[in-house]
Amino acid sequence: GRKVYNATGDFAKKGLDALEMGLRYAHEQKRMAMVSIRMNDTHDAVHRPDKPDFLFSPFKQRHPECLMGAPDRRPPFCAWSAVDYSQPLVRETFLGYVRQLAENYEFDGLDLDFFRHVQCFKSVAWGAESASDAERKVLTEMIAEVRRILDGYGRKRGRRPFLLARTPDSP
């Protein structure tokens, strides 16, 4: 339910980093430490201006133009709160997150989870049969940049991290 206790905020108040603790624990257990990012989590689609949801990110609050829709203007083929990867600001912000991870954490691989919430482009959310060549190209270029960021990270640490992309097996 929505009232499940999430200790992350309490950890942060104590100066503890939940991600760092999880990665360190995995390494202590001689396991690979992976970071997984849901590429378009929409659990925040219950958000309303008069009834804010704690999952609705500050980025989405500041940049509603980067979303697929709005609470009162819902696209027919995805959740309104998904971000549109055709927007340069969405891609730049995501790459900034990847850089922060690479600069601040010890991990063995990064998993880009496109599978959980399969939506990337506003055009498809609103009825286009498929993403355009231009849309596919910008997403491919973004993932290539993730690989470059991880390669730089790997050179500093002496080992190349894995890059995984979880995707549906068919349209």
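Coordinates for the structure precede this section.
Caption draft 1: Region of the structure containing helix 2 (residues 18–28). Its side-chain oxygen at 3.0 Å from the backbone nitrogen of L19, D17 defines the N-terminal cap of helix 2. Phi turns positive one or two residues past the end of helix 2, at K30, with a value near 60 degrees.

Caption draft 2: View of the nonpolar core. Judged by nonpolar contacts, the single largest core of 35 residues is most densely connected at M39, Y85, F94, F107 and L110. When residues of this core are assigned to their parent elements, the largest contribution, 7 residues, is made by helix 6 (residues 133–157). In contact with Y85, not counting residues within four places along its chain, are M39, N40, V90, R91, F94, C120, F121, V138, L139 and M142.

Caption draft 3: How the structure looks around the pattern of salt bridges. With the rule as written, the count across this model stands at 13 salt bridges. A salt bridge links R136 to D133, with the nearest nitrogen and oxygen atoms 2.3 Å apart. With R136 and D133 both in helix 6 and 3 residues apart, the pair spans about one turn of that helix. A salt bridge links D151 to R147; the nearest nitrogen and oxygen atoms lie 3.0 Å apart. On the criterion of helical spacing, the pair formed by D151 and R147 is a turn pair, its members being 4 residues apart in helix 6. Accessibility expressed as a relative area gives 18% for D151, which makes it buried. Residue R147 is classed as buried on the basis of its relative accessible area, which comes to 17%. Taken together, the shared-partner salt bridges in this structure form one network comprising R99, E145 and R148.

Caption draft 4: Representation of the packing of helix 4 (residues 88–104) against helix 6. In the contact formed by helix 4 and helix 6, the axes pass within 10 Å of each other and the chain directions differ by 15 degrees. Here helix 4 lies roughly parallel to helix 6, going by the angle between them. Handedness of the helix 4/helix 6 crossing: right-handed. Mapping the contact onto sequence places R91, F94, L95, V98, R99, A102 and E103 in helix 4 and V138, M142, E145, V146, I149, Y153 and R157 in helix 6. By residue class, the composition of the contact of helix 4 with helix 6 is 9 nonpolar, no polar and 5 charged.

Caption draft 5: Inspection of the sheet that holds strand 3 (residues 162–166) at higher detail. Sheet architecture is open: 3 strands sit in the order 1-2-3, paired in parallel fashion. Because the sheet does not close on itself, it has two edges, and the strands there are strand 1 (34–38) and strand 3. Averaged over all adjacent pairs, the angle separating strand axes in this sheet is 15 degrees, with direction ignored. Bridge analysis of strand 2 (residues 109–113) against strand 3 gives 5 bridges, and the strand direction is parallel. Counted as the bridge partner of L112 is A165 from strand 3.

Caption draft 6: Quick peek at the side chain of Q119. Along the chain, Q119 turns up in the loop between strand 2 and helix 5 (122–125). You can call Q119 buried: its relative accessible area is 12%. In this structure Q119 touches N40, T42, M68, C78, A79 and A82, once residues within four positions along its chain are discounted.

Calculation rules
- Residues numbered from 1 in each chain as written.
- Predicted model: local features only at pLDDT ≥ 70, side-chain atom pairs only at ≥ 80, totals over all residues.
- Heavy atoms only, no water.
- Polar contact = N/O pair within 3.5 Å; in protein donor to acceptor, adjacent residues only side chain to side chain.
- Helix = DSSP H or I, 4+ residues; strand = E, 2+ residues; numbered from the N terminus.
- Core = buried A, V, L, I, M, F, W, Y, C linked by side-chain atoms within 4.5 Å.
- Buried < 20%, exposed > 50% of the residue type's maximum accessible area, 1.4 Å probe, protein only.
- Contact = heavy atoms within 4.5 Å.
- Salt bridge = Lys/Arg side-chain N within 4 Å of Asp/Glu carboxyl O.
- Axes fitted to C-alpha atoms, helices over the stretch in contact; angles between N-to-C directions.
- Parallel < 35°, antiparallel > 145°, perpendicular 65-115°, else oblique.
- Left-handed = near helix turned anticlockwise from the far one by under 90°.
- Nonpolar A, V, L, I, M, F, W, Y, C, P; charged D, E, K, R; others polar.
- Pairing = 2+ DSSP bridges.

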